[in-house]
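Read off the chains here:
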Amino acid sequence: MIKLHDLEFEPFISEEEITKAIDTIAKRLNDEYTGRKPVFIGILNGSFMFASEVIKRFESDCEISFVKMGSYEGTKTTGEVKTLLGLGQELAGREVVLLEDIVDTGNTLVEVDRILTEAGVASYQVATLFFKPSAYKKDVPVQIIGMEIPNKFIVGYGLDYDGLGRNLTQVYKRKESKMTNLVLFGPPGAGKGTQATILKEKYDLIHISTGDVFRYNIKNQTELGLSAKSFIDKGQLVPDEVTINMLNAEVEKNEGANGFIFDGFPRTEAQAEALSESLEAKGTEVNAMIALEVEDEILVERLLERGKTSGRPDDADERVIRNRIKVYYAETAILKNFYQKQNKYYGVNGEGSIEEITTRLSSVIDELMN
Ligand code: AMP
């Protein structure tokens, strides 16, 4: 395993496999281009190592240019225009072979395709060492492929992570974390807190309830508590910036955890995006949003009951309770959409005994962990 900046990477494609792929590409180029004096164009920076290996194996006359994608301001209508920097070569009527280290989304290829077509080349083909079929979204044909790879973040053999890793002679992939991260979702009174307490023990996860963290801070009269109190007392959401910073700090406090149960977070799309980002930086993700589904009237009943003993002012007043439920549906139900789009939304019936609900939740979590 190696570490580049803040991320860990593990071996993925050996030097031997890479050499074999390059041999195959070079053989095909030798067969097709003998006596045709092609111009090889390597797209910097990533392709330098691959290009050098291909060209060493090419046996006929050829020319070589290395270029970088750059951009300049076009006219008002064309906006920013992409260009190839460093192309000191007339390409009209030439046979071009583009050498790429990796074709991913295909955005670069679309630009290069336009530039080469405008330059009037006689023909061109794309030869790429790595190709990600599941990430490729464009129509430009990729004729010569060394190796198809899954949509993983890779470094080495010319490819970098924020400038580092290009010198590695084999390819590494981002180390995947085995964390299980659950967003426990549902309106106030749905039983998130009760269930989270049981599930965190059962699955050895860290439970972060943003509501609890806020209340702890209010009780201890911290700066955070003071700035959150007025919102909480009215049953409104605390502003995103405050909440996100607090959540990130809680996650950071638990380095090395098996995973998290997020309870009461995210409640807005901005919070959901922020959560994705901070988990992504740890090489992990939200595995599922599990929502407890409960009728409104049962919620009000449960919260009023809890208010008798919880000492929470926002549980004592039916109007505040109804407002919290309203806020939940108005502002936070969009999150269902957010996670549904990623096939991560699981609705669970939240009515019944505590044990019954735990059993329903566990069957979803067991499935995720398998
Ligand atoms: P809860 O205990 O989850 O019902 O949260 C109690 C109160 O804390 C909410 O009504 C909000 O005022 C505030 N709060 C908790 N979590 C969040 C969040 N993710 N975003 C904004 N405000 C929150």
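Everything in this summary refers to the structure shown in the same document.

About the cut-offs
- Residues numbered from 1 in each chain as written.
- Predicted model: local features only at pLDDT ≥ 70, side-chain atom pairs only at ≥ 80, totals over all residues.
- Heavy atoms only, no water.
- Helix = DSSP H or I, 4+ residues; strand = E, 2+ residues; numbered from the N terminus.
- Buried < 20%, exposed > 50% of the residue type's maximum accessible area, 1.4 Å probe, protein only.
- Contact = heavy atoms within 4.5 Å.
- Areas by Shrake-Rupley, 256 points an atom, 1.4 Å probe, with all protein chains shown as cover.
- Lys, Arg positive; Asp, Glu negative; His and termini not counted.
- Charge placed at Lys NZ, Arg CZ, Asp CG, Glu CD.
- Pairing = 2+ DSSP bridges.
- Right-handed = clockwise from strand over helix to strand, strands pointing away.
- Near = heavy atom within 4 Å.
- Polar contact = N/O pair within 3.5 Å; in protein donor to acceptor, adjacent residues only side chain to side chain.
- Phe/Tyr/Trp six-rings, centres within 6.5 Å; stacked < 30°, edge-to-face > 60°.
- Patch = residues over 30% accessible without salt bridge, like charges linked within 9 Å, V, L, I, M, F, W, Y side chains within 5 Å.
- Salt bridge = Lys/Arg side-chain N within 4 Å of Asp/Glu carboxyl O.
- Core = buried A, V, L, I, M, F, W, Y, C linked by side-chain atoms within 4.5 Å.
- Axes fitted to C-alpha atoms, helices over the stretch in contact; angles between N-to-C directions.

Looking at the overall build of the chain
Across its full length, the chain holds 13 helices and 15 strands. Overall, the C-alpha framework of the chain stretches about 90 × 50 × 35 Å when taken along its three principal axes. Counting over 370 residues, the chain shows a buried share of 46%. Long-range contacts, defined as pairs at least 24 residues apart, comprise 71% of the intrachain contacts of the chain with a sequence gap of at least 6. Working note: accessible area of the chain is about 18,900 Å², and carbon and sulfur atoms make up 49% of it. Side chains of the chain give 44 positive and 60 negative charges; the mean places of these two sets differ by 2 Å.

Some thoughts on the environment of Glu241
With respect to the helices and strands, the residue Glu241 is situated in helix 7 (residues 240-253). Sequence-wise, Glu241 and His207 are 34 residues apart; in three dimensions their C-alpha atoms are separated by 21 Å.

Some thoughts on the pairing of strand 7 (residues 123-131)
The element strand 7 is largely enclosed, with a buried count of eight among its nine residues. The pairing of strand 6 (residues 95-103) with strand 7 spans eight bridges and is parallel. Pairing of Val97 across the sheet is with Gln125, part of strand 7. Taken together, strand 6, helix 3 (residues 107-118) and strand 7 form a β-α-β motif whose crossover is right-handed. Bridge count for strand 7 against strand 8 (residues 144-148) is four bridges, and the pairing is parallel. Bridge pairing links Ala127 to Ile144 in strand 8.

Some words on the site of the ligand
The full set close to the ligand counts 15 residues, and Thr210, Gln236, Gly264, Arg267 and Gln271 are the nearest of them. In this structure, an oxygen atom belonging to the ligand sits 3.0 Å away from a side-chain N or O atom of Arg215. The backbone of Gln236 places a nitrogen or oxygen atom 2.5 Å from an oxygen atom of the ligand. In isolation the ligand offers 480 Å² of accessible surface; the protein chains occlude 96% of this area.

A few points about the sheet that holds strand 2 (residues 7-13)
Read across the open sheet, the four strands follow the order 1-2-10-9; overall the sheet is antiparallel. Of all strands in the sheet, those with a lone pairing partner are strand 1 (2-4) and strand 9 (154-155), marking the two edges. Two strands pair when backbone bridges link them, and strand 2 and strand 10 (residues 171-174) are joined in this way by four bridges, in the antiparallel orientation. Residue Phe9 lies in a different strand from strand 10, and its bridge partner there is Arg174.

Digging into the packing of aromatic side chains
For the structure shown, the criterion picks out nine aromatic pairs. Measuring from centroid to centroid gives 5.7 Å for Phe153 and Tyr161, while their planes differ by 85°, and the two rings are edge-to-face. Relative accessible area serves as the criterion here: at 32%, Phe153 is assigned to the partly exposed category. Owing to a relative accessible area of 17%, Tyr161 belongs among the buried residues under this scheme.

Let's talk about a negative patch on the surface
Together, Glu269, Glu273, Glu277 and Glu280 line one region of the surface with negative charge. Mapping Glu269 onto the fold places it in helix 8 (residues 269-280).

As for the nonpolar core
Nonpolar side chains tend to gather and get buried jointly when the protein is soluble and globular. If you look at the biggest cluster of nonpolar residues, it comprises 27 residues, and the most contacted ones within it are Ile18, Leu29, Phe50, Leu99, Leu129, Phe130 and Tyr157. Broken down by element, the residue count for this core peaks at six residues, all from helix 1 (residues 15-33). What Ile18 contacts, discounting residues up to four positions off in sequence, is Ile13, Leu129, Phe130, Met147, Tyr157, Thr169, Gln170 and Val171. Core analysis: the next-biggest nonpolar cluster, separate from the first, contains 23 residues, Val183, Ile208, Val286 and Phe338 among them.

Here's the deal with the sheet that holds strand 7
Strand order in this open sheet of six strands is 5-4-3-6-7-8, and the pairing throughout is mixed. Only two strands of the sheet have a single partner each, and these edge strands are strand 5 (80-85) and strand 8. Here the strands of the sheet are splayed against their neighbours by 25° on average, with no regard to which way each runs. Bridge analysis of strand 4 (residues 63-73) against strand 5 gives six bridges, and the strand direction is antiparallel. Considered in strand 5, the bridge of Gly70 is made with Thr83. Contacting strand 3 (39-43), strand 6, strand 7 and strand 8, helix 1 runs over the sheet at an angle of about 170° to strand 7. The strands touched by helix 3 are strand 3, strand 4, strand 5, strand 6 and strand 7; relative to strand 5, the strand with the most contacts, the crossing angle is about 75°.

Quick look at helix 2 (residues 48-57)
For helix 2, the full list of buried residues reads Met49, Phe50, Ala51, Glu53, Val54 and Ile55. Tucked inside the fold, the buried residues of helix 2 contact helix 1, strand 3, strand 4, strand 6 and strand 7.

Re a nonpolar patch on the surface
A cluster of nonpolar residues, Leu44, Phe48, Ile64 and Phe66, forms a patch on the protein surface that exposes about 300 Å² of accessible area. Inspection of the secondary structure puts Phe66 in strand 4. Taking relative accessible area as the criterion, Phe66 reaches 33% and is therefore assigned partly exposed.

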